[in-house]
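What the coordinates show
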Amino acid sequence: MDFSVAIASPDERPVVRHLLQLYLHDFSAFDGDDVNEAGLYHYPWVEEYWQAPKAAFVFKVAGRYAGFCLVDGAQAGLLLPGSEHAICEFFVLRKYRKSGLGRFAAAAVFSSRAGRWEVAEHANNHAAQTFWRRVIADFSRGQFSEQQLNSDDWHGPVQSFVQAPTA
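Structure report, in brief. (Residues numbered from 1 in each chain as written. Predicted model: local features only at pLDDT ≥ 70, side-chain atom pairs only at ≥ 80, totals over all residues. Heavy atoms only, no water.)

So, on to the overall build of the protein. Counting secondary structure elements, the protein contains 3 helices and 7 strands. Reading the helices (α) and strands (β) of the protein from amino to carboxyl end gives β-α-β-β-β-α-β-α-β-β. Against the globule reference of 15 Å for 167 residues, the protein gives a C-alpha radius of gyration of 15 Å, in line with a compact fold. Of all 167 residues assigned to the protein, the portion counted as buried reaches 43%. Pairs at least 24 apart in sequence give 62% of the contacts found in the protein among residues at least 6 apart. Accessible surface, the protein: about 9200 Å² in total, of which carbon and sulfur atoms supply 52%. Counting 15 positive and 19 negative side-chain charges, the protein places the averaged centre of each group 10 Å from the other. (Helix = DSSP H or I, 4+ residues; strand = E, 2+ residues; numbered from the N terminus. Rg over C-alpha atoms; globule rule 2.2 N^0.38 Å. Buried < 20%, exposed > 50% of the residue type's maximum accessible area, 1.4 Å probe, protein only. Contact = heavy atoms within 4.5 Å. Areas by Shrake-Rupley, 256 points an atom, 1.4 Å probe, with all protein chains shown as cover. Lys, Arg positive; Asp, Glu negative; His and termini not counted. Charge placed at Lys NZ, Arg CZ, Asp CG, Glu CD.)

Once that is clear, we can look at the packing of aromatic side chains. Under the defined criterion, the tally for this structure stands at 16 aromatic pairs. Ring centres 5.0 Å apart and planes at 90° place the aromatic pair Tyr 43 and Trp 45 in the edge-to-face group. Overall, the relative accessible area of 11% leaves Tyr 43 in the buried class. Residue class for Trp 45 comes out partly exposed when judged on its relative accessible area of 43%. Between the aromatic rings of Phe 110 and Trp 117, the centroid separation amounts to 5.1 Å while the plane-to-plane angle is 70°, which identifies the pairing as edge-to-face. The two residues Phe 110 and Trp 117 agree in class, both being buried. Within the aromatic cluster, the residues linked to one another by ring pairs are Phe 59, Phe 90, Phe 110, Trp 117, Phe 131, Trp 132, Phe 139 and Phe 161. (Phe/Tyr/Trp six-rings, centres within 6.5 Å; stacked < 30°, edge-to-face > 60°.)

This part takes up the pairing of strand 7 (residues 155-163). Counting buried residues along strand 7, 7 of its 9 residues qualify, which places the element largely inside the surrounding structure. With 6 bridges connecting them, strand 5 (residues 115-120) and strand 7 associate as antiparallel partners. Across the sheet, residue Gly 115 finds its bridge partner in strand 7, namely Gln 163. Here strand 6 (residues 144-150) pairs with strand 7 via 7 bridges, running antiparallel. (Pairing = 2+ DSSP bridges.)

Its location among the elements puts Ile 7 in strand 1 (residues 3-7). Placed 149 residues apart in sequence, Ile 7 and Gly 156 show a C-alpha to C-alpha distance of 28 Å. Residues in contact with Ile 7, not counting those within four places in the same chain, are Glu 12, Ala 56 and Phe 57.

Our focus in this paragraph is the nonpolar core. Membership of the largest hydrophobic core comes to 24 residues, with the highest contact counts inside it found for Phe 59, Ile 87, Phe 90, Phe 110 and Trp 132. Listing elements by their share of this core, those giving two or more residues are strand 2 (55-61), strand 3 (64-72), strand 4 (85-92), helix 2 (101-111), strand 5 and helix 3 (126-139). In terms of residue count, helix 2 provides more of this core than any other element does, 5 residues in total. With residues up to four places along the chain from it excluded, the contact list for Phe 110 reads Ile 87, Trp 117, Val 119, Trp 132, Val 135, Ile 136, Phe 139, Phe 161 and Gln 163. (Core = buried A, V, L, I, M, F, W, Y, C linked by side-chain atoms within 4.5 Å.)

With that settled, the discussion passes to the side chain of Gln 159. Relative to the helices and strands, Gln 159 is located in strand 7. At 2.9 Å, the side chain of Gln 159 and the side chain of Glu 146 are in polar contact. Residue contacts for Gln 159: discarding those within four places in its chain leaves Trp 117, Glu 118, Val 119, Glu 121, Trp 132, Arg 133, Ile 136, Phe 144, Ser 145 and Glu 146. (Polar contact = N/O pair within 3.5 Å; in protein donor to acceptor, adjacent residues only side chain to side chain.)

This is the structure in structure tokens:
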């Protein structure tokens, strides 16, 4: 398959917002959120991802939108001390799951920024835990750690690893 990953342009904001609704629908199975009076899920931070140190990425398959990733680089908002970057939201359309797109996209996003990364999964999202453990283990060549958090900020596993600068 022809996969691509790129930083979302300002013109792609509506695409990311629409894909985010699909993601939040899937995620409602874990967090119990409902849609608002307009029939939409609430995610007030989406516009922040077009301002550094945050970033939005879009995934495509053969030129068609297939997913997105929201990355936070603001150290104050991360869960683990010393982290510099975090995968905040990561979504692949169902039709492209298990195609290799998620693995490809995660590697592209990780490769985009050197430093300590963290990835957290909801305690009840076992499929995401399995995916991220496998992807991070492969990407980091087994050089990662995992912590179970049970705090006011997060309940569930968090993996971390260091991405070296590229030459």
